[in-house]
Amino acid sequence: MTWAFLLDQFAVQFGLWWVIWPAILLGIVVGILPGFSPQNTLIMLLPLTLAVKVEVALAFMIALYCANHLAGGIPAILVKIPGSGGAAATTLDGYPMTRKGQAQQALVLCFTASVFGGLITTLATLALLPWLSQLGLYLRSVEMVVVMLFGLTLIAVIAAKDMLKGLIAGFFGLLIGVIGTDHIYNTPRATLGFIELYDGVPLVPALIGLFAISEALVMVEEKLIVAKDGLERAAGARWAGTIEGLRMSLEHWWQIVWTSFVGLAIGIIPGAGASVAAFVAYQQSRLWSKHPELYGTGIPEGVIAPESANNGVKSGTLVPMMALGVPGGSTAAVMMIVLQYHGMVMGPRLFVTNPGIAYGVFVSMAVAYLFMVFTILPLARYMSRIVLIPTTYLAPVIVLVTIVAAFGERQYLFDMALALVFGVIGYIAHKTSYHVTAILIGIILGPVFEQYLVRSLRISEGDFSILFSSTLGNVLWVLLALSLALPAWRGYRQRKALAAEQLGDER
Amino acid sequence: MASPSGPSGGKAPLGADLVIPALALGFAVYFFFSIADLSWEAKANGVLIGAILVSLIAIQLVRVGVQVAKGRANLGFERLWAPRDALPKRMGLVLITIAFIVAIRWAGLTLSLFVALAAALYLMGVRKPVPLVAVPLAVAASAYLLFIAALDSDLPRGPVEQLLAALFQ
């Protein structure tokens, strides 16, 4: 990567302003809606992203993705309802600031922390990418088998509240991902007699069903996304004191920097995601603060930490996708599907075969952040009113429009029905706390996992011990075992402590 | 274990927790049958994943069984249906979507989407005629413009698409 190449990439991305700006606006709108994630928006607009050139699709997806994360903080601050899981930690100090009459300052803090946190980590990723991308070259089929299982396990352990349920969901997804003909002899497996499944389970209908449709089926339970008291607050939001908010941001510039790097580090781990990063950054910020007792009472640091980490995650999430072909989260998974549709093969080879795409992703992210600086501040106040749309309208539109979008990938009506089936599975998973992200990541990783596993086993002529034949692989196995054992051990200790406490109370 | 207490005598209704494992187990068994006669390369992955999945399901069954045996839980399915008043809307939405998928073959995208969305909005409680017509009209028109006019996708064409094609050709 040379400076000339990089400048050229920036020029290309700035030339796509006509895509980036609408994507930012759209991302802000849907980001404010709780439960309406960037992946659902991308899914709804999938036919559009599949029809345009890959560079244009990429710029659109990235800008929407970044804006969406940023906007999740708006309802979190104004009405204590996070627009996304990543903004949940923002409510801890953002909402108390609103209650103290500092809603506007809190919003400005949220925007500046998000934009600059995201920009800093994107530029850092861009600088480190040549080394990060080399990571994939050290991983052969044996190690990749463990990496795939590791990613899936982390999602099960971190994203799902119940590890066992997360693991069941993940392995269920992996098995669904094996549907179709095998890699060596092309013999069909578990296709239920449908010729449409010979190529495997199409990812777009799976995504639509598991996320959009299942979410809409849950949404019908409430008349409005916001609660009654939140509704009044949403209607009463005011803009005043923007300069004051900017001054506060400048005072805490160092916190924006270091908490965004916390986000970047967590984002690189597949499955960790924005929610975990935001809470970890908030916790770390309080740990190192001179006045930890003020956290939760409405202080700027309490808004900055989760928001800059939440946005720092994004470039990190894309690193495993670009360098290893393992999506770091559900939005990255959608992007990966679109890029694969355009013929891009994720992994270290991408940096050689398509450097414009491999680096362009991060350049596009940096440019999107620069555009956002000028877009978000004047718009946020008005956009916060979108939470007032009743679910009476939202749920049917989401279900029917996304069902139509399911047709887009392969142009089979069968895929619409398949999306509905996944929607029902996703709904059951939602209701019973089996994490749909784990199922989805399993479906995505299923064919890739099989490819690496069979490749390894063919080398060893069917001997499974080859999976434990490399040093790096064995280190990863140990980490995998630890990632499963430690949360289980911690849970056991907590239960034991709770039981002892209850016994003490009874005495 | 995430076991929210249910309405039935303070016991957590964990029957619903077994639906996904039951689906997964059924699928795993079917998968094993479907690969029984194949070469080891075609089987290896499915057997490995399937075996781990079945083991995890067995642990979950034991876990739920212990909770039920200790009297802390029952095998109720309340969590799947709750809240009950939303059930007709949810079921209706699924049925309308099935009808939409069936009807789109002969009614075409625009007309079937308009009718399905209007029906879904009515089901959700929208009674005012203006939004009941305007929202489906706007969505169907947008879908037509995006999928048929702009992207020229293979989505089925019906009377509306044929009429519009005749008008604009």
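Structure shown above.
Conventions used here
Residues numbered from 1 in each chain as written. Chains lettered and ligands numbered in written order. Predicted model: local features only at pLDDT ≥ 70, side-chain atom pairs only at ≥ 80, totals over all residues. Heavy atoms only, no water. Helix = DSSP H or I, 4+ residues; strand = E, 2+ residues; numbered from the N terminus. Buried < 20%, exposed > 50% of the residue type's maximum accessible area, 1.4 Å probe, protein only. Contact = heavy atoms within 4.5 Å. Areas by Shrake-Rupley, 256 points an atom, 1.4 Å probe, with all protein chains shown as cover. Lys, Arg positive; Asp, Glu negative; His and termini not counted. Charge placed at Lys NZ, Arg CZ, Asp CG, Glu CD. Buried area = accessible area lost by both parts, 1.4 Å probe. Salt bridge = Lys/Arg side-chain N within 4 Å of Asp/Glu carboxyl O. Polar contact = N/O pair within 3.5 Å; in protein donor to acceptor, adjacent residues only side chain to side chain. Nonpolar A, V, L, I, M, F, W, Y, C, P; charged D, E, K, R; others polar. Axes fitted to C-alpha atoms, helices over the stretch in contact; angles between N-to-C directions. Parallel < 35°, antiparallel > 145°, perpendicular 65-115°, else oblique. Left-handed = near helix turned anticlockwise from the far one by under 90°. Expected span 1.5 Å × (residues − 1). Phe/Tyr/Trp six-rings, centres within 6.5 Å; stacked < 30°, edge-to-face > 60°.

Q: Quick question: what am I supposed to make of the overall build of chain B here?
A: The number of helices and strands found in chain B is six helices and two strands. In sequence order, the secondary structure elements of chain B are arranged as β-α-α-β-α-α-α-α. Dimensions of chain B, computed from the C-alpha atoms along their principal axes, are close to 70 × 50 × 20 Å. Counting every position in chain B, which comprises 169 residues, the buried fraction comes to 44%. Contacts in chain B between residues far apart in sequence, at least 24 positions, make up 59% of those at least 6 positions apart. For chain B, the exposed surface amounts to about 8400 Å²; the carbon and sulfur share of it is 71%. The centroid of the 13 positive side-chain charges in chain B is displaced by 15 Å from the centroid of its 8 negative side-chain charges.

Q: Which parts of the structure should I look at to understand the overall build of chain A?
A: Counting its secondary structure elements, chain A contains 23 helices and two strands. Buried residues in chain A amount to 62% of all 507 residues. If you take every contact in chain A between residues at least 6 apart in sequence, the share linking residues at least 24 apart comes to 80%. For chain A, the exposed surface amounts to about 19000 Å²; the carbon and sulfur share of it is 65%.

Q: Is there a simple way to think about the interface of chain B and chain A in this case?
A: Accessible area lost upon the coming together of the parts serves often as the stated size of an interface. Taken together, the 67 residues of chain B in the interface contact 64 residues of chain A. Between chain B and chain A, a total of about 5800 Å² is buried, with carbon and sulfur atoms accounting for 81% of that surface. Viewed at the interface, chain A and chain B are joined by four salt bridges. Between Arg458 of chain A and Glu41 of chain B there is a salt bridge, with the nearest N and O atoms lying 3.1 Å from each other. Our count for the chain B to chain A interface comes out at 15 residue pairs in polar contact (both at pLDDT 80 or more). For the side of chain B that touches chain A, the elements supplying multiple residues, two or more each, are α1 (19–34), α2 (40–69), α3 (78–81), α4 (87–124) and α5 (129–150) of chain B. A total of 17 residues in the side of chain B that touches chain A trace back to one element, the largest contributor, which is α4 of chain B. Taken together, the residues of the side of chain B that touches chain A break down into 50 nonpolar, nine polar and eight charged.

Q: What should I look at first to understand the pattern of salt bridges in this one?
A: Pairs can form between side chains of opposite charge whenever their charged atoms are close. Counted under the stated rule, the structure contains eight salt bridges over all chains. For Glu221 of chain A, the salt bridge is made with Lys431 of chain A, and the minimal N-O distance between the two is 2.4 Å. Here Glu221 of chain A is found in the loop between α11 (203–219) and α12 (228–235), whereas its partner Lys431 of chain A is found in helix α21 (residues 414–431), with 210 residues between them in sequence. The class of Glu221 of chain A is partly exposed, set by a relative accessible area of 23%. The partner of Glu221 of chain A in a salt bridge is Arg90 of chain B, and the shortest N-O contact between them spans 2.4 Å. Of the two residues, Glu221 of chain A is situated in the loop between α11 and α12 and Arg90 of chain B in helix α4; the pairing between them involves two chains. Here Arg90 of chain B falls in the buried class, since its relative accessible area comes to 3%. Residues joined in a network through salt bridges with shared partners are Lys165 of chain A together with Asp17 and Arg79 of chain B.

Q: For this particular structure, what's the right way to read the packing of α21 of chain A against α4 of chain B?
A: Helix-helix packing is described using two parameters, namely the angle between the two axes and the distance between the axes. Axis separation between α21 of chain A and α4 of chain B bottoms out at 10 Å; the angle between their running directions is 165°. With respect to α4 of chain B, the element α21 of chain A is oriented roughly antiparallel. Where α21 of chain A crosses over α4 of chain B, the handedness of that crossing is right-handed. Counted together, Met416, Ala417, Leu420, Tyr427 and Lys431 of chain A of α21 of chain A and Arg90, Val94, Thr97, Ile98, Ile101 and Ile104 of chain B of α4 of chain B form the full contact between these two elements.

Q: Before we go on, may I ask you to explain α21 of chain A in this structure?
A: Quick reminder: α-helices carry 3.6 residues per turn. Residues three or four places apart thus point the same way. Residues and elements named next belong to chain A. Between its first and last C-alpha, α21 extends 26 Å over 18 residues, near the 26 Å set by a 1.5 Å rise per residue. Within α21, 14 of the 18 residues are buried, which leaves the element mostly enclosed by the surrounding structure. Positive phi shows up at Ser433, right after α21, with a value of about 65°.

Q: For this particular structure, what's the right way to read the packing of aromatic side chains?
A: To describe a pair of aromatic rings, you give the distance between the ring centres and the angle between the ring planes. Residues and elements named next belong to chain A. Inspection of the entire model under this criterion finds nine aromatic pairs over all chains. The interplanar angle of 35° and the centroid separation of 5.8 Å between the aromatic rings of Phe14 and Phe371 together place this pair among those described as tilted. Here the residue Phe14 occupies a position in helix α1 (residues 3–15), and Phe371 occupies one in helix α19 (residues 355–383), the gap between them amounting to 357 residues. Judged by relative accessible area, Phe14 falls into the partly exposed class, the value being 36%. Here the aromatic rings of Phe194 and Phe414 are separated by 5.0 Å at their centres, their planes lie at 50°, and the arrangement is tilted. With a gap of 220 residues between them, Phe194 in the loop between β2 (188–189) and α11 and Phe414 in helix α21 connect regions that are remote in the sequence. When its relative accessible area of 16% is taken as the criterion, Phe414 is described as buried.

Q: Is there a simple way to explain the environment of Gly426 of chain A in this structure?
A: Residues and elements named next belong to chain A. Secondary-structure assignment places Gly426 in helix α21. Given a relative accessible area of 0%, Gly426 falls into the buried group. The sequence separation of Gly426 and Glu215 amounts to 211 residues, and the corresponding C-alpha distance is 8.1 Å. With residues up to four places along the chain from it excluded, the contact list for Gly426 reads Leu210, Ser214 and Val436.

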